[in-house]
Amino acid sequence: MKYDLEELQNRIGYSFHDVGLLEQAVTHSSYANERTIRRIPDYERIEFLGDAVLETVSSEFIFREHTSMSEGNMTKLRASLVCEPALAYCARKLELGRFLNLGKGEERCGGRERDSIIADVMEAITGAIYLDGGMEQAKAFILGHILNDVENSGIFYDSKSTLQEMIQRTGGVLRYELIDESGPEHDKTFTARVLIDDIPRGVGSGHNKKQAEQKAAYEAIVALRKAEKKQ
């Protein structure tokens with residue numbers, strides 16, 4: 001575990017004075033509940049703090065970067081940048097799933113790649129850095145790993161609407177189809193595909209159909225933007 005935490009600190013660009021805070025930030029409640037010796041607190045309380053720090057920093061970032069944007073549009077942009085899928089996107093770039101302490105059941109259910117978990121861990125790490133090094137260090141982490149790719153992470157909030165607007169400009173036909181449904185009744189995973197003029201353009205999975213379609217739309221947007229840049 002010690003080596004993993006050292007590697008994680010290299011990835012996030014911050015060295016902890018109290019490494020226990022980082023260990024707590026990557027510990028899921030399922031793991032904490034299974035421990036009978038050397039119990040480790042889970043990330044839930046520290047995530048609460050990180051969420052507040054993230055909201056403050058992202059609000060200031062938007063306020064300074066978009067000087068003529070209205071309050072309503074700033075609120076929407078902030079929501080898009082710090083929503084669960086956007087934070088999960090950032091977490092995957094850091095490969096946070098590799099460093100999680102998970103219980104055996106959560107491990108079997110694919111918890112290392114679950115959006116809800118890795119998004120929470122991004123917030124928990126933010127909170128841990130704040131407690132260990134203060135606001136400036138937490139702000140540096142947020143700017144470097146969460147607000148550093150606004151163009152891509154920002155479209156997660158409502159990627160279906162964004163894709164719809166893009167297709168309306170070209171006169172194409174957009175539709176979604178459910179291609180897979182798996183898992184137990186209480187924890188199903190849905191996989192959806194988006195087609196533009198009957199050509200598959202993106203695939204996404206989630207714990208409900210809407211989430212799966214949002215992710216499929218995101219993949220389609222990224223693909224279309226890449227194609228536009230090549231032209």
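Residues numbered from 1 in each chain as written. Predicted model: local features only at pLDDT ≥ 70, side-chain atom pairs only at ≥ 80, totals over all residues. Heavy atoms only, no water.

Student: Can you help me understand the packing of aromatic side chains in this one?
Tutor: When we look at a pair of aromatic rings, we describe it by the centre distance and by the angle of the planes. Using the criterion set out here, one finds 2 aromatic pairs in the structure. Geometrically, the ring pair formed by Y14 and F16 is edge-to-face, given 4.9 Å between the ring centres and 85 degrees between the ring planes. Here Y14 and F16 have matching classes, each one buried. With a centroid separation of 5.9 Å and 70 degrees between ring planes, the pair formed by Y89 and Y218 is classed as edge-to-face. (Phe/Tyr/Trp six-rings, centres within 6.5 Å; stacked < 30°, edge-to-face > 60°. Buried < 20%, exposed > 50% of the residue type's maximum accessible area, 1.4 Å probe, protein only.)

Student: Explain the side chain of N101 to me, please; I cannot follow it from the model alone.
Tutor: Position of N101 relative to the elements: it lies in the loop between α6 (84-93) and α7 (104-108). On the basis of relative accessibility, which here comes to 7%, the residue N101 falls in the buried class. Within the structure, the side chain of N101 is placed 2.9 Å from the side chain of T27, a separation counted as a polar contact. (Helix = DSSP H or I, 4+ residues; strand = E, 2+ residues; numbered from the N terminus. Polar contact = N/O pair within 3.5 Å; in protein donor to acceptor, adjacent residues only side chain to side chain.)

Student: Please clarify how the pattern of salt bridges should be interpreted in this entry.
Tutor: Side chains that differ in charge, positive against negative, can pair when their charged atoms come close. Under the counting rule described, the total for this entry stands at 18 salt bridges. As a salt-bridge pair, E55 and R78 come within 3.9 Å of each other at their nearest N and O atoms. On the criterion of sequence distance, the pair formed by E55 in helix α4 (residues 44-65) and R78 in helix α5 (residues 71-82) is long-range, its members being 23 residues apart. You can call R78 partly exposed: its relative accessible area is 25%. Residue R64 is joined to E60 by a salt bridge in which the shortest nitrogen-to-oxygen separation is 3.0 Å. With R64 and E60 both in helix α4 and 4 residues apart, the pair spans about one turn of that helix. (Salt bridge = Lys/Arg side-chain N within 4 Å of Asp/Glu carboxyl O.)

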